[in-house]
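# Examining the three-dimensional arrangement
Okay, here's what each chain looks like letter by letter:
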Amino acid sequence: MVHIWVRAETKHQEHRTALTPNAARQLVAKGFKVSVERCTERIFKDEDYEGTGVTLVPHGSWRTAPADAYILGLKELPENDESPLPHQHIMFAHCYKQQAGWKDVLNRFDSGKGTLLDLEFLVDERGRRVAAFGYHAGYAGSAVGLDLWCHKVLAGDDVKFPAINHFNDDKALIKHIKDRLDLAVKKFGRIPRVMVMGALGRCGSGATDFFRHVSIPEENIIKWDLAETKAGGPFPQILDADIFVNCIYLSVPIPPFVTSEMVKNTVDRKLSVLVDVSCDATNPHNPIPVYYGATTFVDPVLRVNAAPAKDLDVIAIDHLPSLLPRESSEAFCTDLLPSLLALESREQAPVWAKAEKLFHDKVAESKAAKL
């Protein structure tokens, strides 16, 4: 019997889950054993799992789970822990593209004889990801970017942008931003021009959809993808937009889209808000090398000193879909469920075979990098 152990997320203001009550019920019906850790932050409450056939277990008890259990989660494991990892983990580990600390993460699995089956790299026979939060990441990225632009217009640059709270559904989010946008446009004198990089992908589609949902005219939504960027950056056109939303999936090194020099030397640029949904700031091939690090829902904005030009405000929250945790979790789990069901015959499931081979390749790469 396949045993899936859903660990509670520990990242601050992470309200999503890797397994909704509905998905859990379907796994149990197929003969899976499912354990779900209790969690007060999850958008689905503990009682929502009652009656689904799962076993509710204490928060953080995954460390003592049976050796054959798959530990299923979303974001990184708790910080300040270097202990070996003996289990098979299904999660977004953010360590396959040489991000900061990538070798340390892989070493924990290697030393514990565990396995990482990274959700970001679960792909079908065509190489397309089987499940992703991309659409809701782009959707939320446009929302917080537009909210920040409205704040700058209505309150002024000197007033700190407040912490962001999640919304129960997209209707509440749309109404909140639309009301703010109406006031800001009246004061600013025009509707902002927004630019979405990677507009044809899942993430970019979400970003453009949100702008449409709050009535940004189509002519004010600049949509760029591979065709517009094939000549290679940097691209001064980015500086002509009021808001820039980066939605590309970085898989190979590319020239930067925009540079610090451009931002500083273009004193008349319109760009005041940059939303890096991709959050590749710690990647050595980051295409937006104007900032470093990440922001959070509690402290959403990083202000970049761009003198002699005006400052540039950057949002780089690496779990933006948690702005709409219920809808994003439901969409993700619907797509992931067929692959979870395939764990019953994992040896015959290409999606898991590819993920395990990639893990071993990355461990070997990490060891070679230490030599």
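This part takes up the side chain of Glu 9. Note on placement: Glu 9 falls in the loop between β1 (3-6) and α1 (21-29). The class for Glu 9 is buried, based on a relative accessible area of 8%. In this structure the side chain of Glu 9 is engaged in a polar contact, spanning 2.6 Å, whose partner is the backbone nitrogen of Leu 74. Engagement of the side chain of Glu 9 in a polar contact is seen with the backbone nitrogen of Lys 75, the distance being 3.0 Å. Once residues lying within four places of it in the same chain are set aside, the contact partners of Glu 9 are Glu 14, Arg 16, Cys 39, His 59, Gly 73, Leu 74 and Lys 75.

Moving on, we come to the nonpolar core. Of all hydrophobic cores here, the largest spans 40 residues; its most connected members are Leu 173, Phe 210 and Leu 323. Where this core is concerned, the elements lending two or more residues are α3 (134-155), α4 (170-188), β7 (194-197), α5 (202-213), β9 (243-246) and β10 (273-276). At 10 residues, the largest contribution of residues to this core is made by α3. Every residue in contact with Leu 173, bar those within four places of it in the chain, is listed here: Tyr 139, Ala 143, Phe 167, Phe 210, Leu 323 and Leu 324. Counting 37 residues, the second largest nonpolar core, distinct from the first, contains Val 2, Ala 18, Leu 72 and Trp 352.

Taken together, the buried positions of helix α2 (residues 102-112) are occupied by Trp 102, Leu 106, Arg 108, Phe 109 and Gly 112. Within α2, the buried residues cover an arc of 145° as seen down the axis, which keeps them to one side. The elements touched by buried residues of α2 are β5 (88-91), β6 (115-118) and α9 (350-370).

Time to look at the packing of α2 against α9. With their axes 10 Å apart at the nearest point, α2 and α9 run at an angle of 120° to one another. For the element pair α2 / α9, the angle class is oblique. Where α2 crosses over α9, the two elements pack in a sense that is left-handed. On the side of α2, the interface is formed by Trp 102, Lys 103, Leu 106, Asn 107, Phe 109 and Asp 110, while α9 contributes Phe 359, Lys 362, Val 363, Glu 365, Ser 366, Lys 367, Ala 369 and Lys 370. Split by residue class, the contact of α2 with α9 holds six nonpolar, two polar and six charged.

Bringing unusual backbone geometry into the picture now. Note that the residue after Gly 233, namely Pro 234, is joined by a cis bond; omega there is 5°. In this structure, Pro 234 sits in the loop between α6 (226-229) and β9.

On strand β12 (residues 312-315), burial covers both faces: Leu 312 and Val 314 on one face and Asp 313 and Ile 315 on the other are all buried. By the bridge criterion, three bridges tie β10 to β12 in an arrangement that is parallel. Bridge pairing links Val 275 to Ile 315 in β12. With three bridges joining them, strand β11 (residues 302-304) and β12 adopt antiparallel strand pairing. Bridged to Leu 302 within β12 is Val 314.

Conventions we followed
Residues numbered from 1 in each chain as written. Predicted model: local features only at pLDDT ≥ 70, side-chain atom pairs only at ≥ 80, totals over all residues. Heavy atoms only, no water. Helix = DSSP H or I, 4+ residues; strand = E, 2+ residues; numbered from the N terminus. Buried < 20%, exposed > 50% of the residue type's maximum accessible area, 1.4 Å probe, protein only. Polar contact = N/O pair within 3.5 Å; in protein donor to acceptor, adjacent residues only side chain to side chain. Contact = heavy atoms within 4.5 Å. Core = buried A, V, L, I, M, F, W, Y, C linked by side-chain atoms within 4.5 Å. Arc of directions from axis to C-beta. Axes fitted to C-alpha atoms, helices over the stretch in contact; angles between N-to-C directions. Parallel < 35°, antiparallel > 145°, perpendicular 65-115°, else oblique. Left-handed = near helix turned anticlockwise from the far one by under 90°. Nonpolar A, V, L, I, M, F, W, Y, C, P; charged D, E, K, R; others polar. Pairing = 2+ DSSP bridges.

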